[in-house]
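Single-letter residue listing:
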Amino acid sequence: MSEPSIWIVIPAYNEGPIIKGVLEELINHNQSYNIVVVDDGSSDDTVAATEKMAVHLLRHSINLGQGAALATGIEYALKQNADIVVTFDADSQMRPEDIDKLVSKLNEGFDVALGSRFLGVKPEGIPLVKNILLKLAVVFTKLTTGLKITDAHNGFRAFRADALRKIVITQNRMAHSSEILSEIARNKLRYKEAGVKIRYTEYSKAKGQSILNSINILYELLTGGKK
Amino acid sequence: MILAQQADNLQDISSQTEGHILIKVILILLLLLVLRAFLVQRSLILAKRLSAIILFLVLVVLVIFPEVSNWAAHRIGVGRGVDLLFYLSHLFLLLLIVGLWRRINVLTDTMTRLSRQIAIYDSSKPEDRNPAHK
């Protein structure tokens, strides 16, 4: 049996200054990764910076949101017969070496491996208010889906292809995180968390989700999505 | 003296009625404009056209004979005709917003699927851009 093909899906929106470094770090970590960058209608040089790299490049004609970009990349990777799909961020918050931790969970027989900031590695530099909101999100997830996890809004995940085919993402913007979790619950997928370290750099903090956005996420969940 | 005052009063009343007529003309013209803007849509189905025209006629009647709304309000236990119209228009606007909101959701969904298919169709592999890759 040959090695399972690992596909890394990276949604990118206006990550021009940083994406090249992120991709280089990934490729240096493991040359055999198939990397898919989904440009979500960036207005900067994200595409130009990505084009030079050895990655699969997909472009949304307009900005649709991170959830939509992820779904596009996932559909593409599955069409290319990926065995394992890992979702990764373009803002350098995630460390490529943590991919191995997630993939090893899949090798242990789980369908989905979820990255968690609060497991194993001691979290550093998470702003206090953000920390409280993340804890609230965990409680919210427990109440709405029954999933017992320690980090509900971590975009670092790995899926086996057959499990991923069952997951339907309809939330275009940020609420897809919660949606993926409820899809895991609905399909009764075997999930396991793995500790990952998130690097809170000045760049990512400036780009990342503002705390107020959690209200938006709740609103999206209540109103958006499919009819 | 008294006569002059009476003449004043009369003038007041006549300018008031003139004012009434003026506002009625303005309102009916505005309604006509709205109706026209609505009916020029070519794709509109007949049922919608008819209900728009009926609604227009009802509103014109209400503008010309405002007492009708008072009468209708009293029949169903609302104090004033204006209040009844206020409630009804709120209900109407809410329905309109829900309808628009649903349509926006459907549109967004379609747009997302379109962009996704275009993105996948136009995707480029590493070796497409640079034969040296892989």
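Refer to the preceding data block for the structure.
Numbering of residues starts from 1 in each chain and follows the order in which that chain's sequence is written. A letter from A marks each chain and a number from 1 marks each ligand, given out in the order of writing. It should be noted that, the model being predicted, local features are given only for residues of pLDDT at least 70 and side-chain atom pairs only at 80 or more, the latter also being counted only at that level, while totals for whole chains, interfaces and linings use all residues. For the side-chain quantities, the full set of heavy atoms in the structure was used; hydrogens and water were omitted.

1. Quick word on the pairing of strand E2 (residues 34–39) of chain A
Residues in a regular strand project their side chains so that they alternate between the two faces of the sheet. Residues and elements named next belong to chain A. Counted only if it meets this: We call a residue buried when its accessible area falls under 20% of the maximum for its residue type, exposed when it is over 50%, and partly exposed in between, using a 1.4 Å probe and counting protein chains only. Secondary structure elements follow DSSP: runs of H or I of four or more residues count as helices, runs of E of two or more count as strands, with numbering from the N terminus. Each pair of strands is called paired provided DSSP finds at least two bridges between the two strands. Orient the strands so they point away from the viewer, and a crossover whose first-strand-to-second-strand path over the helix runs clockwise is right-handed.
Burial analysis of E2 places six of its six residues in the buried class, which makes it a mostly covered element. Because side chains alternate across E2, one face comprises the buried residues Asn-34, Val-36 and Val-38, and the other comprises Ile-35, Val-37 and Asp-39, equally buried. When strand E1 (residues 6–12) meets E2, the two strands line up parallel, connected through six bridges. When the bridges of E2 are listed, Ile-10 appears paired with Val-37. When E2 meets strand E3 (residues 56–59), the two strands line up parallel, connected through four bridges. Pairing of Val-38 across the sheet is with Leu-58, part of E3. For the crossover that starts at E2, traverses helix H2 (residues 46–51) and ends in the parallel E3, the hand is right-handed.

2. Brief notes about the side chain of A:Arg157
All names here are of chain A. Going by this rule: Under the counting rule used here, the positive set is Lys and Arg, the negative set is Asp and Glu, and His together with the chain ends is not counted. Basic side-chain nitrogens of Lys or Arg form a salt bridge, by our definition, when they fall within 4 Å of a carboxyl oxygen of Asp or Glu. Pairs of residues are marked as contacts when any of their non-hydrogen atoms sit within 4.5 Å.
Note on placement: Arg-157 falls in strand E6 (residues 157–160). Buried and without a salt bridge, Arg-157 has Asp-89 as its closest oppositely charged side chain, separated by 7.3 Å. Among residues more than four places away in sequence, those in contact with Arg-157 are Leu-70, Val-85, Val-86, Thr-87, Leu-102, Ala-113, Leu-114, Ser-177 and Ile-180.

3. Examining the pattern of salt bridges
For the coordinates displayed, the defined rule picks out ten salt bridges over all chains. A:Asp151 is the partner of A:Arg117 in a salt bridge, and the nearest nitrogen-oxygen pair spans 2.7 Å. With a gap of 34 residues between them, A:Arg117 in the loop between strand E5 (112–116) and helix H5 (128–145) and A:Asp151 in the loop between H5 and E6 connect regions that are remote in the sequence. Across this residue pair, the class does not change: A:Arg117 and A:Asp151 are buried. Residues B:Arg113 and B:Asp109 are paired through a salt bridge, measuring 3.4 Å at the closest nitrogen-oxygen approach. With a gap of four residues between them, B:Arg113 and B:Asp109 both fall in helix H4 (residues 81–121), about one helical turn apart. B:Arg113 gets classed as partly exposed once you look at its relative accessible area, which sits at 49%. Of the residues examined, B:Asp109 reaches a relative accessible area of 15% and is grouped as buried. Shared partners join several salt bridges into a network, and the residues in it are A:Arg95, A:Glu97, A:Asp98 and A:Lys101.

So yeah, pure geometry; function would need other evidence.
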